[in-house]
Protein chains: 2
Amino acid sequence: MAAPLADRPAQRGGIEALVSLVTDDMERVNHVILSRTGSDVTLIPELANHLISSGGKRLRPMLTLAFAGLCGYSGDGGVKLAASVEFMHTATLLHDDVVDESDMRRGKLAARMLWGNEASVLVGDFLLGQAFKMMVEVGSLAALDVLASAAAVIAEGEVWQLSAAKDLATDEATYLGVVTAKTAALFAAAAEVGPILGGLDGRERRAARAYGNALGVTFQLVDDALDYGGVAELLGKNVGDDFREGKITLPVVLALRKADDAERAFWSRTLEKGEIAEGDLDTAIATLRRHDALEATIGRARAYGDSAVQALDAFPDSPMKRALIDTVAFCISRAY
Amino acid sequence: MAAPLADRPAQRGGIEALVSLVTDDMERVNHVILSRTGSDVTLIPELANHLISSGGKRLRPMLTLAFAGLCGYSGDGGVKLAASVEFMHTATLLHDDVVDESDMRRGKLAARMLWGNEASVLVGDFLLGQAFKMMVEVGSLAALDVLASAAAVIAEGEVWQLSAAKDLATDEATYLGVVTAKTAALFAAAAEVGPILGGLDGRERRAARAYGNALGVTFQLVDDALDYGGVAELLGKNVGDDFREGKITLPVVLALRKADDAERAFWSRTLEKGEIAEGDLDTAIATLRRHDALEATIGRARAYGDSAVQALDAFPDSPMKRALIDTVAFCISRAY
């Protein structure tokens, strides 16, 4: 195995320490989220709350609160920006489900299956509008700049992914570019606005951004490995989604480097042409395992996780800093 | 006829006076639009420019420039906010086409027919992100507030329209609520940011908003009448779109008030159930004409146009003010 279990960081508190340190503020974030999805057009709260109440870890808004706290900020702005970040994320999920034609999201029927693609597109737009309204209320042009830029970069990353889909020529650099844009940009922005609120515009701001970016890549790489069952051959509900959608993720990019002609023909038929027969997902997983592609993907995730931890050197030791270190370990441990 | 031709305002210069007064700034707006749709992800400029280059009157960005000029502002901010307004509008069109499953837009194949629904959703999101980035660059929190609120209200109006679609119980108040939100909100915001840039935060700002709002309703009501051929029985390319999509627009709302049982059954079959046979559009148009519903719709448009003109009382006479009065007449004259 490329990355033996012994090499992985001690898991310590997982994500619990972070959750517990921001728990009061997250309750206020949840309150803001509920009140800002309110509308006389009842379809909006129905659809938005279907997705929002179905959980998710709320990692992104917690990053905003954590870095605001780390920089000594304790005003209302953190709660509003955290809620904005979660709205941006939710809007992306709604639009992604339409783009990917997904049936399920977070173990429930995707909103588009219950209310149609039209409502998913428009409620996503509504949440994006509400997110920007809240950011404006906070009144920091620097924070607005960071989050508006992230919105453009995320969409650019999604279009890039669409252009690269079903293309076996996608290389690791292209893949990482897509991931940095479509996933890590929001993690980076969520973290970066914390120091901005705290009035720390130099080293701490750059460090928060670097942490968020690296954590975002870590998170996505682990997700990609989990979509093929992860290193521990977990069989979660979403195993095989990327495969069925023809997404060329890092495990496939790495396995393609070592592929013989028969394997290349297999990936071409399934991912490029979308001709997927019974048993093909098992073959895909077996092929990825034979080339240690899932372990190698987690190895990359681990390296990004290390840079996330290093970025925190800009901050003195504190319970919050330790919780953010644990969060990196938590993201990697999901693969096992 | 409810609104005889003799009653309509003299058309004077139509929209040409406005176009000519903002022509230099609009060239800069077009330059900004082209540069801000640039991306290494080539699908983005391809798709965005397909729609942007296909024309449209650019009424909304011209409003921003006109009211900025009317308030003595001549800085760069007007050009950037005007381009932001056009991006918000373009994003709405891209998402609308997906929601309405439209085949055509501005006489060309809709972007979604050429690049797919996925790309239309995501490039719309990209343009929205770029719009907010530009607004942030201008640095006016008041203008950001106005435009971010408009973004949320527009999406809310679109969802509202979706909820009311195919529902013959839609009344005039509901219909006007939808139109105010989905169409007039952007006209109002586009106009309102002009005085904000000019540092006029009181009477002029409220007047600009009132003008934009009333002009937006005028514009949409005329559009709705044109979708059934207008008063002059024009047969443009888009005649019948609303009918085929089951949209309950004002002409239908007004005709339903006078409908007998057979007519009510006709509207229910075609608009509510979507069972449309050959000749039904002709029947719909004949029914609307029999009840003077198109003339009555234009009568409402004319009343909104009058309030738009009245709102301009807040400004002293000037060529720009006269051009904005002519613009109202132009919007109404489209129906003839």
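Residues numbered from 1 in each chain as written. Chains lettered and ligands numbered in written order. Predicted model: local features only at pLDDT ≥ 70, side-chain atom pairs only at ≥ 80, totals over all residues. Heavy atoms only, no water.

Draft legend 1. Looking closely at the interface of chain B and chain A. In this assembly, 35 residues from chain B lie in contact with 35 residues from chain A. Between chain B and chain A, a total of about 3200 Å² is buried, with carbon and sulfur atoms accounting for 81% of that surface. It is B:Leu122, B:Leu141 and B:Val159 that lose the most area in chain B upon contact with chain A, and together they represent 17% of the buried surface on that side. At the junction of chain B and chain A, the tally comes to four residue pairs in polar contact (both at pLDDT 80 or more). Put simply, the parts of the chain that give the side of chain B that touches chain A at least two residues each are α3 (43-52), α5 (77-100), α6 (111-138) and α7 (141-164) of chain B. Taken together, the residues of the side of chain B that touches chain A break down into 21 nonpolar, seven polar and seven charged. (Contact = heavy atoms within 4.5 Å. Buried area = accessible area lost by both parts, 1.4 Å probe. Polar contact = N/O pair within 3.5 Å; in protein donor to acceptor, adjacent residues only side chain to side chain. Helix = DSSP H or I, 4+ residues; strand = E, 2+ residues; numbered from the N terminus. Nonpolar A, V, L, I, M, F, W, Y, C, P; charged D, E, K, R; others polar.)

Draft legend 2. Structural view of the packing of aromatic side chains. The full count for this structure, using the stated rule, is 15 aromatic pairs over all chains. The aromatic ring of A:Phe219 is capped on one face by A:Arg334, whose charged end is 4.5 Å from the ring centroid. (Phe/Tyr/Trp six-rings, centres within 6.5 Å; stacked < 30°, edge-to-face > 60°. Lys NZ or Arg CZ within 6 Å of the ring centre and 35° of its normal.)

Draft legend 3. Looking closely at the nonpolar core. Core analysis: the biggest nonpolar cluster contains 242 residues, and A:Met88, A:Tyr211, A:Trp267, B:Met88, B:Tyr211 and B:Trp267 have the highest contact counts within it. With residues up to four places along the chain from it excluded, the contact list for A:Trp267 reads A:Leu168, A:Phe243, A:Val252, A:Ala255, A:Leu256, A:Glu272, A:Ala284, A:Thr287 and A:Leu288. (Core = buried A, V, L, I, M, F, W, Y, C linked by side-chain atoms within 4.5 Å. Buried < 20%, exposed > 50% of the residue type's maximum accessible area, 1.4 Å probe, protein only.)

Draft legend 4. Main features of the relation of the copies chain B and chain A. Once turned by 180° and shifted 0.0 Å along the axis, chain B lies on chain A with an RMSD of 0.0 Å. The relationship between the two copies is best expressed as a two-fold rotation axis. An overlap of 100% is found between the interface residues of chain B and their copies at the interface of chain A, pointing to a shared contact surface. (Least-squares fit on C-alpha atoms with pLDDT ≥ 70 in both.)

Draft legend 5. Just the confidence of the model for chain A, in detail. Residue and element names in this part refer to chain A. Chain-level statistics for chain A give a pLDDT mean of 91 and a share of 95% at 70 or above. Ranking the elements of chain A by mean pLDDT puts strand β1 (residues 104-105) last, at 77, and helix α4 (residues 59-70) first, at 98. ipTM for the predicted complex: 0.92, alongside a pTM of 0.92. (pLDDT = per-residue confidence, 0-100.)

Draft legend 6. Layout of unusual backbone geometry. All names here are of chain B. The phi torsion at Arg 58 lies on the positive side, around 55°, for a residue other than glycine. Its location among the elements puts Arg 58 in the loop between α3 and α4 (59-70). One non-glycine residue with positive phi stands out, namely Asp 292, at about 55°. On the secondary structure map, Asp 292 appears in the loop between α13 (280-290) and α14 (293-311).

Draft legend 7. Highlighting the pattern of salt bridges. Enumeration over the complete set of coordinates arrives at 36 salt bridges over all chains. Of the charged contacts, one joins A:Asp103 and A:Arg112 as a salt bridge, the two residues approaching to 3.7 Å between their closest N and O atoms. By relative accessible area, which is 14% here, A:Arg112 ends up buried. With a shortest N-O distance of 3.0 Å, B:Lys247 and B:Asp100 are connected by a salt bridge. (Salt bridge = Lys/Arg side-chain N within 4 Å of Asp/Glu carboxyl O.)

Draft legend 8. Broad picture of a nonpolar patch on the surface. All names here are of chain A. Judged by side-chain polarity, Met 104, Leu 109, Met 113 and Leu 114 come together as a nonpolar surface patch covering roughly 340 Å² of accessible area. By secondary structure assignment, the location of Leu 114 is in helix α6 (residues 111-138). You can call Leu 114 partly exposed: its relative accessible area is 43%. (Patch = residues over 30% accessible without salt bridge, like charges linked within 9 Å, V, L, I, M, F, W, Y side chains within 5 Å. Areas by Shrake-Rupley, 256 points an atom, 1.4 Å probe, with all protein chains shown as cover.)

Draft legend 9. Region of the structure containing helix α8 (residues 172-197) of chain B. Residues and elements named next belong to chain B. Under the 1.5 Å per step criterion, the end-to-end length of α8 is 35 Å for 26 residues, consistent within 8% with the ideal 38 Å. The largest bend in α8 amounts to roughly 55° and is located at Ala 184. Across the 26 residues that make up α8, a large majority, 23, are buried. Immediately beyond the C-terminal end of α8, within one or two residues, lies Gly 199, with a positive phi of roughly 75°. (Expected span 1.5 Å × (residues − 1). Bend = angle between axes of the 7 residues up to and from the residue.)

Draft legend 10. A look at the layout of surface pockets. Residues and elements named next belong to chain A. A volume near 1300 Å³ is recorded for the second largest pocket. As for the second largest pocket, its lining consists of 44 residues, of which Leu 93, Arg 105, Phe 219, Asp 223 and Asn 238 are closest to the centre. For the lining of the second largest pocket, the element with the highest residue contribution is helix α5 (residues 77-100), accounting for seven residues. (1 Å grid on protein atoms, 1.4 Å probe; cavity = no way out; pocket = protein on both sides within 12 Å on 5 of 7 lines; lining within 4 Å. Points joined across faces, edges and corners; volume = space filled by probe spheres on them.)

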